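What follows is the residue order along each chain.
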Amino acid sequence: MSLRRVLALGFKEFLQVWRDPRSLAVALLMPLMQMVLLGYGVSLDIRRVPLCVQDQENSTESRALVEDFVASGWFAITRTLPDNAAVRTAMDREQCIGALVIPVDFSRVLAATGQAPVQSIFDATDTNTTNIAIGYAEGVISLATADFAARWEAAHGTRPTRVGVVDFEPRVWFNEGLDSKNFIIPGVVAVILALVGAQLTSLTISREWERGTMEQLISTPVQPIELMLGKLVPYFAIGLFDAAFCLAAAIFWFRVPFLGSIVTLALTTSLFTFVVLGIGYLISVRIRSQIGASQVALVLTMLPTTLLSGYTFPIDQMPAAIRALTFIVYPRYYVSILRAVFLKGSGVAELAFPMLALTLYAVFIIWVAARAFRKSLD
Amino acid sequence: MAEAIAIGNLTRRFGPLVAVNGVSFTVAPGEIFGLVGPDGAGKTTIMRMLAGVLSPHAGTILLDGIDVVAAPERAKPHLSYMPQRFGLYEDLTVAENIRFYAELFGVPRKERIARGAELLEAAALGPFRRRLAGNLSGGMKQKLGLICALIHTPRVLLLDEPTTGVDPVSRREFWAILYDLREQGVTILLSTAYMDEAERCTRLALLHAGEIRSCDTPQRLKQAMPGALLAVPAADPRAVRAALGGVPGVLGLLLMGDRVHVRVDDAARAAPLLAARLAGPNIAHGEIARVEPGIEDVFVALVGDATKAEAA
């Protein structure tokens, strides 16, 4: 192997990327765009849930309860409705996903017994959102209950006997405290790196075929391994630059707490970048048209990364068969590494398993990719 | 090991099509050997197999004694191949392309600079070294291709239709470089569809439908052409060609600009017959004279005969 040829190829490739606005856009603008889109667009927190109110009593107490819902910030009152039929209509028209029904004797029962039922109705077509909204509603009710109990105690000198039958407080604290962005953003970095990295290298070999430069290139003494390394060098630099940009954005812009060490982060990120570039290169070797290679790279990185990496959908909640499948989905290792490094401050020792998995992946991909290229037109 | 190139019984198929069928020839060191034939004759396929980028289905290729079929990588440091389609990087400058190919062949820096300057000078490309290759004219691109192919001083140079689409001035410069190389002992194999260019080669292989019809020096090929050649200049050469079909003794007719080349079995006997045939419909024509055949005449004579033989 000749280092000189590797460097010559790397320099040539760098010049080509540098002079090609499309490649530059993929390399530099795509990460920025995706960081904004995915960073802001994907959130498991639900705010301002559209809620209808059917206040049958319309007393000071009932209005105070509605006010509690609004003040919590989780709900937005979109309609005030006369009856249950109207609730149904409002849900059908998607004016609200839930309704709060306050019975006609709410304040009277409350004053007499210290407890009064209120009903909430939720549209469960989107179970995820509904579950979260129910949690919020329970939280608001339990806060209102505690508040009422305090006032009752001040007035009567004793606590009401049946107040706060169910204590919902932990759920409220949980949702208030844990911002889902801390969980999502590190995964976003992995998604972007996988996407951009594979896109970049997926075009390098097919471009040579399409532009007719490959025929002359393979008539020279260049070896397949030199070609591969030469092609990967500039993209590795670009990949690391993109990674640094995304990670810096995660820490300084999205303010995800970073408890780990930069060295661990750099090491694991390099490893992942290498795997991703290797996969892109392999695709490029196998598929000779640029469009085709780009499409395959998109499917092979986008789908596993977004669906099976655990970036949004937790792996331990998947069916066993799918869960087993995720072990070959390389981004899952990097997603779990990133979360551990960011949120738990894990070091190399704790991350031995995912790092080993990524290393094996890197070795395997490079081995396959280096052998896949044939210096031949047939 | 006297031959720079020796190929034997070379065969390559593409599906049902036999692109190259049992081709054999040898090229001596320092020769400029031409592969001549129309598109689809198999020129490019032979070139690619010689360059070690396409494997033959049968046959042998020796370049300077190196078995290209068995070990193409061993031959590659010693050869240069310039594909028919421009194979350099259009988004790199002239100088960057030259440097890239020099590095791939491990040319020392000093040598690259000296030889690069020399070649740029010969190709009149010196003022354009900072221009992107994509912005060069067709002729300049081909000359740049030649420079990149020559930066490492190959023993064998393979040029696939190097002057197609090249202006006459660039073409002359191109050939001047080739003649220079011959002096230095570089063996050159080139393919061409231009008959006038074929005449510049030391030896030619006339290729048709994947087979060699004839292989010799241009001079001997012309001498060996069966029959004699008469030229009939005319204002309307198409009318002349139409009128002369079927005259006894006429073997072939070829339109050559403002004249018709008539290949006949016996010049002395045929000339009056031709004049008589043209006098009938009163077709105006100049003096019918015997001329020396060109490579195109030879080629058409050979291929025409072959098609007739196939039809029979």
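Please read all numbers here as calculations on a predicted model, not as lab measurements. (Residues numbered from 1 in each chain as written. Chains lettered and ligands numbered in written order. Predicted model: local features only at pLDDT ≥ 70, side-chain atom pairs only at ≥ 80, totals over all residues. Heavy atoms only, no water.)

Asker: Hey, could you run me through unusual backbone geometry in this one?
Answerer: One non-glycine residue with positive phi stands out, namely arginine 255 of chain A, at about 55°. By secondary structure assignment, the location of arginine 255 of chain A is in the loop between α11 (224-253) and α12 (262-286). Although it is not a glycine, asparagine 9 of chain B adopts a positive phi angle of roughly 55°. Mapping asparagine 9 of chain B onto the fold places it in strand β1 (residues 5-14). (Helix = DSSP H or I, 4+ residues; strand = E, 2+ residues; numbered from the N terminus.)

Asker: Looking at this model, I keep getting lost on the side chain of glutamate 226 of chain A. Mind explaining?
Answerer: Within the element layout of this structure, glutamate 226 of chain A appears in helix α11. Excluding anything up to four places from it in sequence, glutamate 226 of chain A contacts Met1, Ser2, Arg5, Val6, Leu9 and Pro221 of chain A. (Contact = heavy atoms within 4.5 Å.)

Asker: Honestly, the pairing of strand β2 (residues 17-27) of chain B in this entry has me stumped. Any pointers?
Answerer: The side chains of a regular strand alternate between both faces of the sheet. All names here are of chain B. Both β1 and β2 contribute to a ladder of 7 bridges, which runs antiparallel. Directly across from phenylalanine 14, in β2, lies its bridge partner leucine 17. Here β1 hands over to β2 after 2 residues, with glycine 15 in that stretch at a positive phi of 60°. (Pairing = 2+ DSSP bridges.)

Asker: Sorry if this is basic, but what is going on with the environment of leucine 15 of chain A here?
Answerer: Residue placement: leucine 15 of chain A occurs in helix α1 (residues 3-19). Along the chain, leucine 15 of chain A and proline 234 of chain A lie 219 residues apart, while their C-alpha atoms are 9.4 Å from each other. For leucine 15 of chain A, the residues in contact, after removing those within four places along its chain, are Leu92 and Glu96 of chain B.

Asker: Which parts of the structure should I look at to understand the sheet that holds β1 of chain B?
Answerer: Pairing between sheet strands relies on hydrogen bonds along the backbone, with the strands arranged either parallel or antiparallel. Residues and elements named next belong to chain B. Judged by pairing direction, the sheet is antiparallel, and its 4 strands sit side by side in the order β2-β1-β4-β5 without closing on themselves. Of all the strands in the sheet, just β2 and β5 (66-67) have a single pairing partner and so form its edges. Across 5 bridges, the pairing between β1 and strand β4 (residues 58-63) is antiparallel. Bridged to threonine 11 within β4 is alanine 58. Docked against the sheet, helix α1 (residues 43-50) engages β1, β2 and β4, running at close to 120° with respect to β1. (Axes fitted to C-alpha atoms, helices over the stretch in contact; angles between N-to-C directions.)

Asker: Sorry if this is basic, but what is going on with the domain arrangement of chain A here?
Answerer: Many analyses report the size of an interface as the accessible area lost when the parts associate. Per the domain assignment, the segments of chain A are domain 1 (3-43 + 180-372) and domain 2 (49-177). Taking only C-alpha atoms, the centre of domain 1 of chain A and the centre of domain 2 of chain A are 48 Å apart. (Domains from an automatic or database assignment.)

Asker: Would you mind going over the packing of α1 of chain A against helix α3 (residues 94-104) of chain B with me for this structure?
Answerer: A packed helix pair is summarised by two numbers, namely the angle formed by the two axes and the spacing between the axes. Their axes nearest at 8 Å, the elements α1 of chain A and α3 of chain B cross at an angle of 155°. Regarding the angle of α1 of chain A to α3 of chain B, the classification is roughly antiparallel. Crossing of α1 of chain A against α3 of chain B: the hand is left-handed. Contact residues: α1 of chain A offers Arg4, Arg5, Ala8, Leu9, Lys12, Leu15 and Arg19 of chain A, while α3 of chain B offers Glu96, Phe100, Glu103 and Leu104 of chain B. Its residues assigned to classes, the contact of α1 of chain A with α3 of chain B shows 5 nonpolar, no polar and 6 charged. (Parallel < 35°, antiparallel > 145°, perpendicular 65-115°, else oblique. Left-handed = near helix turned anticlockwise from the far one by under 90°. Nonpolar A, V, L, I, M, F, W, Y, C, P; charged D, E, K, R; others polar.)

Asker: Just checking my understanding: could you explain helix α6 (residues 168-183) of chain B for this structure?
Answerer: Structurally, the α-helix is built with 3.6 residues per turn, so residues lying three or four positions apart point the same way. All names here are of chain B. If you check α6, its first and last C-alpha atoms are 23 Å apart, about what 16 residues at 1.5 Å a residue would give, namely 22 Å. Every buried residue belonging to α6 is among Ser170, Arg171, Phe174, Trp175, Ile177, Leu178 and Leu181, and all of these are buried. For α6, the buried positions fall inside an angular range of 155° around the axis, keeping them on one side. Structural note: α6 exposes Pro168, Arg172 and Glu183 on the side pointing more than 90 degrees away from its buried face. Where α6 begins, one side-chain oxygen reaches toward the backbone nitrogen of valine 169, 3.2 Å away; that side chain belongs to aspartate 167. Once α6 ends, the next one or two residues include glycine 185, with phi positive near 90°. (Expected span 1.5 Å × (residues − 1). Buried < 20%, exposed > 50% of the residue type's maximum accessible area, 1.4 Å probe, protein only. Arc of directions from axis to C-beta. Polar contact = N/O pair within 3.5 Å; in protein donor to acceptor, adjacent residues only side chain to side chain.)

Asker: Help me understand the sheet that holds strand β1 (residues 49-55) of chain A, please; the structure alone is not making it clear to me.
Answerer: Residue and element names in this part refer to chain A. The 4 strands are arranged β2-β1-β3-β4 in an open sheet whose pairing can be described as mixed. Among the strands making up the open sheet, the edge pair consists of β2 (75-80) and β4 (119-122). Averaged over neighbouring strand pairs, the angle between their axes works out to 30° when direction is ignored. Judged from the 4 bridges that link them, strand β3 (residues 98-102) and β4 form a sheet pairing that is antiparallel.

Asker: Any chance you could explain the packing of α12 of chain A against helix α16 (residues 352-372) of chain A here in plain terms?
Answerer: All names here are of chain A. Packing of α12 against α16 leaves a shortest axis separation of 9 Å and a crossing angle of 30°. The angle between the axes of α12 and α16 places the two elements in the roughly parallel class. Crossing of α12 over α16 shows left-handed handedness. On α16, the residues touching Leu267, Thr268, Leu271, Phe272, Phe274, Val275, Gly278, Ile279, Tyr281, Leu282, Val285 and Arg286 of α12 are Met355, Leu358, Thr359, Tyr361, Ala362, Ile365, Ile366, Val368, Ala369 and Ala372.

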